[in-house]
Amino acid sequence: MVGVIYITNWVLQLTLSGLLNFIDGLWSSCGDERIIVFTTNHKDRLDPALLRAGRMDVHIHLSYCTTSGFRILASNYLGIDGGGNNPHPLCGEIEGLIESAEVTPAEVAEELMKSDDADDALQGLVSFLKRKKAESNKTEDESEESTEKAKRQKTDEGEETE
């Protein structure tokens, strides 16, 4: 396994062994006070030696935005109560879209910051969520089409060899 580490403007190519030696060297040279942050979109692809206790002691999953996350963001940025007794009329639609669209809290916050007017900001968020959902559906459809095409091609090749 070869990894790439970005340190400011440097790019280093390392083997897994080299990376582990590098990390262990930082551990031994820093005493008790050390924080190293690793990020990945594919934790399942990492070698267990890298994930073991002592190398990575805390794992934090940063998920897509949830309805409760949206409520907190709406309260913080717009001062509105997203899920209370008197929610904004668009909150229900937004919560339904957030459940089906994969958006990060940062993307939601960015949309909410575009206007100080709650109606404008929430309407912009609705439009954004609908676009994201359409893009996601299009990507899924394209993926299904390519899978079906590959299956047909494999079937056709199997028929030709018989």
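Quick summary incoming for the structure in this document. (Residues numbered from 1 in each chain as written. Predicted model: local features only at pLDDT ≥ 70, side-chain atom pairs only at ≥ 80, totals over all residues. Heavy atoms only, no water.)

Turning our attention to the pattern of salt bridges. Summed over the entire model, instances satisfying the criterion amount to four salt bridges. Two residues, Glu 93 and Lys 130, come together in a salt bridge whose shortest N-O distance is 3.3 Å. Note that Glu 93 is positioned in helix α4 (residues 91–100) and Lys 130 in helix α6 (residues 118–161), a separation of 37 residues in sequence. Looking at Glu 93, the relative accessible area reads 34%, which means it is partly exposed. A relative accessible area of 44% places Lys 130 in the partly exposed class. The partner of Glu 111 in a salt bridge is Lys 114, and the shortest N-O contact between them spans 3.0 Å. (Salt bridge = Lys/Arg side-chain N within 4 Å of Asp/Glu carboxyl O. Helix = DSSP H or I, 4+ residues; strand = E, 2+ residues; numbered from the N terminus. Buried < 20%, exposed > 50% of the residue type's maximum accessible area, 1.4 Å probe, protein only.)

Counting residues in hydrophobic clusters, the biggest one holds 23 residues, and the most contacted among them are Phe 70, Ile 94, Val 108, Leu 122, Leu 125 and Leu 129. Listing elements by their share of this core, those giving two or more residues are α3 (67–78), α4, α5 (105–112) and α6. Here this core takes seven residues from α6, the largest share from any one element. In this structure Val 108 touches Cys 65, Phe 70, Leu 73, Ile 98, Val 103 and Leu 125, once residues within four positions along its chain are discounted. Leu 16, Leu 19, Leu 20 and Met 56 belong to the second-largest nonpolar core, a separate cluster that totals six residues. (Core = buried A, V, L, I, M, F, W, Y, C linked by side-chain atoms within 4.5 Å. Contact = heavy atoms within 4.5 Å.)

Turning next to α5. Buried within α5 are the following residues: Val 108, Ala 109, Glu 111 and Leu 112. Angular distribution of buried residues about the axis of α5 spans 160 degrees; they occupy a single face of the element. (Arc of directions from axis to C-beta.)

Of all the residues in α4, the buried ones are Cys 91, Ile 94, Glu 95, Leu 97 and Ile 98. Summarising the axial view, the buried residues of α4 lie within an arc of 165 degrees, below the 170-degree limit, and thus occupy one face. Residues of α4 that are exposed and point more than 90 degrees away from the buried face comprise Gly 92 and Glu 99.

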